[in-house]
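# Structure at a glance
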Amino acid sequence: MHITIETGKTLLVDGPASVTLVSGKAEVFGYVLKQMSRVVIRDGKRMPFAVKENATLEVSLGENATVEEVEGDTVPPSWEEAYKKLATLQTRPTIALVLGAVDSGKTSFCTYLMNKLVMEGRKVAILDGDLGQSDVGPPCTLSYSVTTKPLTDLFNLEAENAYFVGVTSPGKALDKVIEGMTLLKDEVLKRSPDYVVVNTDGWVEGEDAVNYKVQLVEKIRPHIVFCIQNETLNPLLEALKNFTTLTIDYPQTIKQRNREKRKSLRELGYVKYLKNAKVQSIPISWVRIENTEFAGLNKTLGMTKREREICNFLGIKPLHIAELKNKIFVVIGKGRWINPEKIKETEETLGKKVEVLWKGGEEGLLTALYSDEKKFLGIGVLREIDYTRKVMKIFTPVSSGVSTVVIGKVRLDKNLREIPLAGG
Ligand SMILES: Nc1ncnc2c1ncn2[C@@H]1O[C@H](COP(=O)(O)OP(=O)(O)O)[C@@H](O)[C@H]1O
Ligand SMILES: [Mg+2]
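Not measured: the values here are computed from a predicted model.

## A look at the environment of Asp249
- Mapped onto the elements, Asp249 comes out in the loop between strand E14 (245-248) and helix H6 (259-273).
- Assessed through its relative accessible area of 38%, Asp249 is described here as partly exposed.
- Taking the C-alpha atoms as reference points, Asp249 and Ile228, 21 residues apart in sequence, are found 5.7 Å from one another.
- The residues touching Asp249, leaving out its near neighbours within four places in the chain, are Pro76, Ser78, Trp79, Ile228 and Gln229.

This is the structure:
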């Protein structure tokens, strides 16, 4: 359908939808639309088309998509002030970090800043630190991309490198997130961008979140921290008083997403990075498995004396066993059984937990594949670990050069839908 909007008004489009500017002038988060080029709005996302000169838009709506016309520009004036402030900073590269709660407009603000900067001819790196709602890299990763072109959705960027964390919320992997962000930041600086815009996750409330965010800021050492205004952010702002911070407004017309929508947005991220995937058989002896539980699969000598003793004690012939600092990890055949009494005794004697995985329990786990230079090659879904033939079957678009495999905690079904983990 064609919709005509007057100068100064905004058309809010909730996806899945697509919009083409037929005539007039309109902007999305600072991006000046080109006539006749199509803009896609993903399911779960809202895009504001701010009309600068009477415009006609061709809109096609998918299932449950909606449009609404509102007065004025929905991008707050404080966002433009923030951009101006950033543009006055003279250090190169200038690092800006964005903080805000879940669904507060972090991604949209990053998009806006990036668009404004690239339109001034700047080279901008986006460092995406939001694991659960990543825009650039696959879900469960941290990533970056460097660009000189404006766009409507950061999702259209391809990750140049990524760091796989393997979970969707930072609370479960704080150290990994901090380490990954530090590594990627050092790497991105070598690309000599004019600006680095760092996006973060929306976990900002509570002491743990505040400590984690302060640590992150200390590692990234941004020249300016933009905080999207919200009461829940006050303790964090207080903790950051030694840094240059600037508070900006929360857009009035923001679209909140529920857990289900966030999950389906993530699933679009898996699809984006699993396009053209095939099942690849990777001999375990060719790669390094980073997870300590599975690292020992590579050893050629069979079980150690100590491992044999543990197995005898448990009364099992496992497919795999690994003794780690704080646990004994065993994999046993489908339908096999271990006497719970024996497990208890073993745990008491060794002072370690016994963790049992049944063969097949690895199916669906999200994995990451790296080259030997530690370059992220892509994600995959673990289909099977064949313990007898020592082969891993991974559904992935990566077809060569794999040197390290990291197994994550998120599980996907055959349709790339997330399966909730037992026990949360
Ligand atoms: N100024 C705005 N006008 C209209 N919609 C907006 C605006 N800012 C953000 N949104 C929409 O609100 C939703 C949440 O914003 P987003 O930037 O994704 O938040 P966050 O990254 O903090 O989770 C998105 O669908 C986004 O497109
Ligand atoms: Mg976001």
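## Remarks on helix H3 (residues 174-189)
- An ideal rise of 1.5 Å per residue puts 22 Å on 16 residues; H3 measures up with 23 Å between its terminal C-alpha atoms.
- Those residues of H3 that sit buried are Val177, Ile178, Gly180, Met181, Thr182, Leu184, Lys185 and Val188.
- On its buried side, H3 packs onto strand E8 (94-99), strand E9 (124-129), strand E10 (141-147), strand E11 (161-164), strand E12 (195-200) and helix H4 (207-220).

## Observations concerning the pairing of E12
- By the criterion of burial, E12 is predominantly enclosed, with six of the six residues buried.
- Burial along E12 is two-sided: the face carrying Tyr195, Val197 and Asn199 and the face carrying Val196, Val198 and Thr200 are both buried.
- Of the strand pairs in this sheet, E8 and E12 are connected by four bridges, and their pairing is parallel. Among the inter-strand pairings, Leu97 is bridged to a residue of E12, identified as Val198.
- Sheet analysis places E9 next to E12, joined by six bridges and oriented parallel. Following the sheet pairing, Ile126 is matched in E12 by Val197.

## Topic: the site of ligand 1
- Lining the immediate surroundings of ligand 1 are 19 residues, of which Arg46, Thr74, Lys106, Thr107 and Ser108 lie closest.
- In this structure, Lys106 approaches ligand 1 through a side-chain N or O atom, which is 2.8 Å from an oxygen atom.
- Ser108 places a polar side-chain atom, nitrogen or oxygen, 2.5 Å from an oxygen atom of ligand 1.
- Contact with the protein chains covers 98% of the free accessible surface of ligand 1, which is 550 Å².
- Every element with two or more residues in the shell around ligand 1 is listed here: strand E6 (46-61) and helix H2 (106-119).
- A per-element tally of the shell around ligand 1 places H2 first, with three residues.
- Of the residues in the shell around ligand 1, the class split is seven nonpolar, six polar and six charged.

What counts as what
- Residues numbered from 1 in each chain as written.
- Chains lettered and ligands numbered in written order.
- Predicted model: local features only at pLDDT ≥ 70, side-chain atom pairs only at ≥ 80, totals over all residues.
- Heavy atoms only, no water.
- Helix = DSSP H or I, 4+ residues; strand = E, 2+ residues; numbered from the N terminus.
- Buried < 20%, exposed > 50% of the residue type's maximum accessible area, 1.4 Å probe, protein only.
- Contact = heavy atoms within 4.5 Å.
- Expected span 1.5 Å × (residues − 1).
- Pairing = 2+ DSSP bridges.
- Near = heavy atom within 4 Å.
- Polar contact = N/O pair within 3.5 Å; in protein donor to acceptor, adjacent residues only side chain to side chain.
- Areas by Shrake-Rupley, 256 points an atom, 1.4 Å probe, with all protein chains shown as cover.
- Nonpolar A, V, L, I, M, F, W, Y, C, P; charged D, E, K, R; others polar.

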